[in-house]
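Okay, here's what each chain looks like letter by letter:
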Amino acid sequence: MAANGNYFTRRSFVQVSGAILGGAILTACSQATPPAPTSAPASASNAAPTSAPVQSSGSSSKQQVTIRVNYRVGDDPKAYEKLFPDFEKANPDIALKGEPISFGDYSEYFAKMASLMAAGTLGDIVWVSAGSGPYLSEVFKGFFMPLDDLVKQANYDLGQFYASTLPALSLEGKLYALPSDTHPGVQLVFYNKNAFDDAKVDYPKPDWTFDDIVAMGKKLTKSSSDRVDMFGFGADLLSYAFECIFRGNGTSFISTDGKTTWVDHPEAVSSLQWVDDLMHVHKIAPTRQQIAKTTDDMFVAGQIAMVQSGAWMLTSPAKIGNRFQMDAARMPKGSAGKIGGMVHIGGESMYSKTKYPQQAFRALTFLESKEFALNRAATEGGFVPRKDVFSDPSLLNRPMFAMVKQALDDNPPPYFTPYNFRTSELQSVVDQGTDVFWTGQSSVKEGIPKLKQDIQTVLDKPR
Amino acid sequence: MGDEQGARSATAAATRLEKGSWWDRLLVRRSRRRAVKGYLWISPWLIGFLAFTIGPMLSSLYLSLTKYDIITAPTFIGLSNYVYAATRDAQFFPSLLRTFYYAGVSVPVGVVASLGAAMLLNQRKRGTATYRTLFFLPSLTPVVAGALLWQWIYDPQFGPLNYLLDKIGIHGPGWLGSPSWAIPAFIIIAFWAGIGGNRMVIFLAGLQGVSQELYEAAEVDGAGAWTRFRHITLPLISPTMFFNMILAVIGALRVFEVAFLTTSGGPNYATWFFMLHLYNAAFRDFDMGYASALAWVLFIITVGFTFIQVRWSSSWVYYEEG
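Residues numbered from 1 in each chain as written. Chains lettered and ligands numbered in written order. Predicted model: local features only at pLDDT ≥ 70, side-chain atom pairs only at ≥ 80, totals over all residues. Heavy atoms only, no water.

Asker: How should the overall build of chain A be read in this particular structure?
Answerer: If you tally the helices and strands in chain A, you get 20 helices and twelve strands. Across the 463 residues in chain A, those meeting the buried criterion constitute 55%. Across chain A, the fraction of contacts at a sequence separation of at least 24, relative to all contacts at a separation of at least 6, is 75%. Carbon together with sulfur atoms contributes 53% to the accessible area of chain A, which is approximately 19,600 Å² in total. (Helix = DSSP H or I, 4+ residues; strand = E, 2+ residues; numbered from the N terminus. Buried < 20%, exposed > 50% of the residue type's maximum accessible area, 1.4 Å probe, protein only. Contact = heavy atoms within 4.5 Å. Areas by Shrake-Rupley, 256 points an atom, 1.4 Å probe, with all protein chains shown as cover.)

Asker: Sorry, what's going on with the overall build of chain B here?
Answerer: In terms of regular secondary structure, chain B is built from 14 helices and two strands. Here the C-alpha radius of gyration of chain B, 27 Å, is well above what a compact globule of 322 residues would show, namely 20 Å. Taken along the three principal axes of its C-alpha coordinates, chain B extends 90 × 75 × 35 Å. Counting the 322 residues in chain B, one finds 44% classified as buried. (Rg over C-alpha atoms; globule rule 2.2 N^0.38 Å.)

Asker: Sorry, what's going on with the confidence of the model for chain A here?
Answerer: Regions with low pLDDT should not have their predicted coordinates read in detail. When pLDDT is averaged along chain A, the result is 86, and 86% of the positions lie at 70 or above. Within chain A, the element-level pLDDT minimum falls on helix α1 (residues 10-28) of chain A, averaging 66, and the maximum on helix α8 (residues 193-198) of chain A, averaging 97. (pLDDT = per-residue confidence, 0-100.)

Asker: What is the right way to read the environment of A:Phe84 from this model?
Answerer: Residue and element names in this part refer to chain A. When you line up the elements, Phe-84 lands in helix α3 (residues 84-90). Residues Phe-84 and Lys-97, spaced 13 residues apart in sequence, show a C-alpha to C-alpha distance of 8.6 Å. Leaving out residues up to four positions away in the same chain, Phe-84 has contacts with Leu-96, Gly-98, Phe-366, Leu-367 and Phe-372.

Asker: What should I look at first to understand the pairing of strand β12 (residues 344-350) of chain A in this one?
Answerer: Two faces make up the sheet, and in a regular strand the side chains alternate between them. Residues and elements named next belong to chain A. In terms of residue burial, β12 counts as a mostly covered element, since seven of its seven residues are buried. Burial of the side chains of β12 extends over both faces: His-344, Gly-346, Glu-348 and Met-350 are buried on one face and Ile-345, Gly-347 and Ser-349 on the other. Of the pairings in the sheet, the one linking strand β3 (residues 125-129) to β12 comprises five bridges and is antiparallel in character. Looking at the pairing, Ser-129 lines up with Gly-346 of β12. (Pairing = 2+ DSSP bridges.)

Asker: It is not clear to me how the pairing of strand β10 (residues 304-309) of chain A should be interpreted in this structure. Could you clarify?
Answerer: Residue and element names in this part refer to chain A. Here β10 lies mainly inside the structure; six of its six residues are buried. For strand β7 (residues 188-192) and β10, the ladder comprises four bridges, and the chain directions are antiparallel. The residue bridging Phe-190 from the neighbouring strand is Val-307, located in β10. Relative to β10, strand β9 (residues 227-234) runs parallel, the two sharing three bridges. In the sheet register, Phe-233 faces β10, and the bridge partner there is Met-306.

Asker: What should I look at first to understand helix α18 (residues 401-409) of chain A in this one?
Answerer: Side chains that are three or four residues apart share a direction in an α-helix, a result of its 3.6 residues per turn. Residue and element names in this part refer to chain A. Taken together, the buried positions of α18 are occupied by Phe-401, Val-404, Lys-405, Ala-407 and Leu-408. Taken around the axis of α18, the buried residues stretch over an arc of 160°, which confines them to a single face. Residues of α18 that are buried make contact with β6 (177-183), β7, β11 (326-330), α16 (387-390) and α17 (393-396). Looking one or two places after α18, you find Asn-411, whose phi comes out positive at around 50°. (Arc of directions from axis to C-beta.)

Asker: Whenever I open this one, the packing of helix α13 (residues 274-283) of chain B against helix α14 (residues 288-313) of chain B confuses me. Can you help?
Answerer: Relative placement of two packed helices is described by the angle separating their axes and the distance separating the axes. All names here are of chain B. Viewed as axis vectors pointing N to C, α13 and α14 meet at an angle of 160°, and their least axial separation amounts to 7 Å. With respect to α14, the element α13 is oriented roughly antiparallel. As for how α13 packs across α14, the hand of that crossing is left-handed. Within the contact between the two elements, α13 uses Phe-274, Met-275, His-277, Leu-278, Ala-281, Ala-282 and Phe-283 and α14 uses Met-288, Tyr-290, Ala-291, Leu-294, Ala-295, Val-297 and Leu-298. (Axes fitted to C-alpha atoms, helices over the stretch in contact; angles between N-to-C directions. Parallel < 35°, antiparallel > 145°, perpendicular 65-115°, else oblique. Left-handed = near helix turned anticlockwise from the far one by under 90°.)

Asker: For this particular structure, what's the right way to read the environment of A:Leu116?
Answerer: All names here are of chain A. Checked against the element boundaries, Leu-116 lands in helix α4 (residues 106-119). On the basis of relative accessible area, Leu-116 is assigned to the buried category, the value being 14%. Setting aside anything within four residues of it in sequence, one finds Leu-116 in contact with Asn-70, Ile-101, Thr-121 and Leu-122.

Asker: What should I look at first to understand empty space enclosed by the protein in this one?
Answerer: Empty space left among the atoms is revealed by rolling a probe the size of a water molecule over them. Residues and elements named next belong to chain A. Within the structure shown, the criterion is met by four cavities of 30 Å³ or more. Of the voids in this model, the largest cavity is the one considered here, and its volume is about 50 Å³. Along the walls of the largest cavity sit Val-186, Phe-210, Cys-244, Ile-245, Gly-248, Gln-308, Met-331, Pro-332, Gly-334, Ile-339 and Gly-340, which together make up its complete lining. Ranked by the residues each element gives to the lining of the largest cavity, the list is headed by helix α10 (residues 239-248), at three residues. Partitioning the lining of the largest cavity into residue classes produces seven nonpolar, four polar and no charged. (1 Å grid on protein atoms, 1.4 Å probe; cavity = no way out; pocket = protein on both sides within 12 Å on 5 of 7 lines; lining within 4 Å. Points joined across faces, edges and corners; volume = space filled by probe spheres on them. Nonpolar A, V, L, I, M, F, W, Y, C, P; charged D, E, K, R; others polar.)

Asker: It is not clear to me how a positive patch on the surface should be interpreted in this structure. Could you clarify?
Answerer: A cluster of like positive charges, contributed by B:Arg29, B:Arg30, B:Arg33, B:Arg34 and B:Lys37, occupies part of the molecular surface. Relative to the assigned elements, B:Arg33 resides in helix α2 (residues 22-63). (Patch = residues over 30% accessible without salt bridge, like charges linked within 9 Å, V, L, I, M, F, W, Y side chains within 5 Å. Salt bridge = Lys/Arg side-chain N within 4 Å of Asp/Glu carboxyl O. Lys, Arg positive; Asp, Glu negative; His and termini not counted. Charge placed at Lys NZ, Arg CZ, Asp CG, Glu CD.)

Asker: Sorry, what's going on with the nonpolar core here?
Answerer: The tendency in soluble globular proteins is for nonpolar side chains to be buried as a group. Grouped together as the largest cluster of nonpolar side chains are 203 residues, with contacts concentrated most on A:Tyr135, A:Phe144, A:Phe190, A:Leu272, A:Phe299 and A:Met306. Per-element accounting of this core gives the leading share, eleven residues, to helix α4 (residues 92-121) of chain B. Discounting residues that sit within four places of it in the chain, A:Phe190 has contacts with A:Phe299, A:Ala305, A:Met306, A:Val307, A:Ser309, A:Gly310, A:Met313, A:Leu314, A:Met326, A:Asp327, A:Ala328 and A:Met400. (Core = buried A, V, L, I, M, F, W, Y, C linked by side-chain atoms within 4.5 Å.)

Asker: What am I meant to see in the side chain of B:His277 here?
Answerer: Along the chain, B:His277 falls in helix α13. Engagement of the side chain of B:His277 in a polar contact is seen with the side chain of B:Asp89, the distance being 2.6 Å. (Polar contact = N/O pair within 3.5 Å; in protein donor to acceptor, adjacent residues only side chain to side chain.)

Asker: How do you make sense of the packing of aromatic side chains when you look at a structure like this?
Answerer: Any pair of aromatic rings gets described here by the distance separating the centres and the angle formed by the planes. All names here are of chain A. By the definition in use, this model includes 48 aromatic pairs over all chains. A ring pair is formed by Phe-242 and Trp-438, whose centres lie 5.4 Å apart and whose planes are at 45°; its orientation type is tilted. Residue Phe-242 is found in helix α10, and its partner Trp-438 is found in helix α19 (residues 423-438); the two are separated by 196 residues along the sequence. Grouping residues by exposure puts Phe-242 and Trp-438 together as buried. An aromatic cluster of at least three residues, connected via ring pairs, comprises Tyr-71, Tyr-80, Phe-84, Phe-87, Phe-366 and Phe-372. Above the ring of Tyr-419, the side-chain terminus of Lys-259 is found at 4.4 Å from the ring centroid. (Phe/Tyr/Trp six-rings, centres within 6.5 Å; stacked < 30°, edge-to-face > 60°. Lys NZ or Arg CZ within 6 Å of the ring centre and 35° of its normal.)

This is the structure:
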């Protein structure tokens with residue numbers, strides 16, 4: 001009892017609240033055990049592989065199961081689910097439940113996925129990104145199911161996909177996702193045809209060279225007083241763009257085993273020097289200080305005549321309108337005699353804890369079917385890397401799409417992935433670290449040792 | 001003396017309960033009920049505070065001592081995260097220094113500007129309502145919209161700012177794309193967003209609390225405008241200024257949104273502030289344990305700065321009550 005005769009005091013209230021809160025914290029902090037990967041039944045089949053969606057064998061239980069599909073939201077989320085009723089009609093034992101996840105920013109999507117994993121409520125099928133997110137790390141920790149046995153059991157034909165897309169979704173020889181979105185990397189050059197016509201410069205030819213870019217760029221660059229009205233060429237100043245140039249010259253940011261950086265190799269240094277010279281020697285490309293947002297935006301605004309970019313620029317004509325005509329070419333071949341490319345892959349994985357692996361795999365093959373892929377391409381713009389999809393007239397007749405197909409037909413190798421799966425961290429270090437060159441703070445030769453050290457620091461971190 | 005009194009009233013209450021009339025017993029029960037009612041009325045806030053503020057803080061303190069990636073269970077590693085931050089994280093100290101630089105300039109500039117705006121509005125001249133609206137509007141602009149707006153203003157090639165500078169013969173810098181001008185560019189944005197916000201309103205309230213008689217008396221004694229400001233206004237609004245400075249420092253140390261939206265910490269880490277470093281540790285690298293440690297470091301630094309300001313205030317903050 002308190003001095004004032006009160007039995008219910010502040011102290012007792014705080015003590016009771018603290019006890020309740022402590023209990024709540026202990027409950028909330030109860031540890032989730034990582035899921036153990038489930039193993040699908042293995043059975044061999046001697047029949048020819050099928051490219052069609054896997055159907056029910058007819059002997060499955062009549063009970064309907066719900067397969068939850070986590071997918072990233074594009075411009076039209078409902079477009080993704082448009083064909084769901086058709087699948088459910090053909091597979092009455094499966095109900096598909098689409099669960100879109102916001103994709104305003106990559107980190108937003110992956111943070112949401114991590115929350116679902118922690119809560120054990122990830123969808124049966126999940127969209128993943130092999131290059132931009134923690135996909136392989138999550139595979140390593142056992143969150144996704146290997147698909148090899150399911151593929152073999154269903155006699156599913158993996159040959160219908162572009163071959164280079166499958167290794168990106170695999171770890172230690174096992175496949176963990178089917179490829180659902182792709183583009184061949186930043187190996188395309190989009191150009192302003194009107195600017196070329198005005199400057200009386202021939203359009204890029206298939207056998208053009210890096211020196212041609214410089215020569216054309218000089219003729220296309222227009223200045224008035226001390227301001228540049230139009231730059232001849234805009235280099236993409238991000239790691240995955242440099243990697244394309246590196247590969248054309250026969251090298252890469254990191255070694256094949258993902259443990260060592262090769263950024264100090266002569267081919268890599270010369271690649272970075274070429275980009276640097278565009279800005280500070282030839283003065284045909286904007287420096288970092290002269291880029292307001294991205295070189296893609298500057299191209300759309302008519303401030304750059306040619307821009308190194310990727311397949312996402314195919315939607316630019318809608319933004320450009322009548323201001324000018326655009327077309328696409330591929331980057332020139334590098335010193336290794338090839339055009340450098342790096343396939344960017346999104347995939348559809350299966351949660352290792354799914355209760356219905358057979359049904360989920362059937363739904364997965366539906367999401368990878370030609371019909372579904374063409375619907376996606378027509379509505380929300382994703383391109384499933386199936387050879388029959390990329391050869392379909394509905395896509396080939398799109399402006400500049402043929403160039404994307406041509407690039408993918410070359411089977412560019414997958415995204416550079418460090419051994420410790422710290423891809424995002426590596427990208428950030430490269431993007432920030434190379435800015436010293438593009439801002440003129442350091443020459444490439446002087447800055448390479450520090451860049452190498454910073455990259456190696458990331459590569460040396462544990463998995 | 002107080003203890004004696006309390007003990008006496010407790011004894012009296014107990015006696016009343018035991019031996020008193022029904023009226024006495026009713027009164028004691030009523031006061032207890034009043035206390036319970038009071039706690040019940042504030043319990044929603046209290047529970048929310050405990051569950052959503054104190055609870056997560058304590059959780060993050062524990063997580064700062066672990067290796068935790070959200071998707072697997074935390075592993076206790078003691079103070080390793082803090083040791084890593086102090087000894088091996090290449091951006092720990094640089095990001096702190098950048099944040100201090102930003103805060104060190106934006107806080108005094110912002111506070112002085114807000115005071116100036118408040119003094120202008122306190123004149124009660126014609127057009128005050130219009131000025132008040134114009135000053136307050138930037139603080140109502142959503143952060144994302146403001147960031148996009150300033151990205152356009154700062155466009156080095158075609159933005160209006162460099163266009164106007166060109167007109168007066170100055171070649172404008174790269175602003176957000178320039179390592180040396182990026183932070184000053186952010187300070188300007190903070191100045192624009194903060195000059196007419198809550199800080200100005202608080203200053204205005206403080207100014208309106210100063211008695212006009214003091215000014216009149218000073219005028220009679222021949223004091224000029226600057227003398228009146230220095231010897232009457234400043235001392236009497238010093239508590240308000242102290243409050244605003246504390247909030248301004250806390251806000252400035254947490255600078256994040258504009259850097260995240262416009263520069264992503266570049267160019268070459270020029271705008272890689274501490275909060276952005278923390279965000280990347282949490283949501284790019286999924287190293288929640290380390291991010292929690294960084295959060296606690298920032299908390300301790302913020303508390304430290306606040307403590308310093310509180311101690312310093314005794315030399316310049318004047319409270320009329322004495």
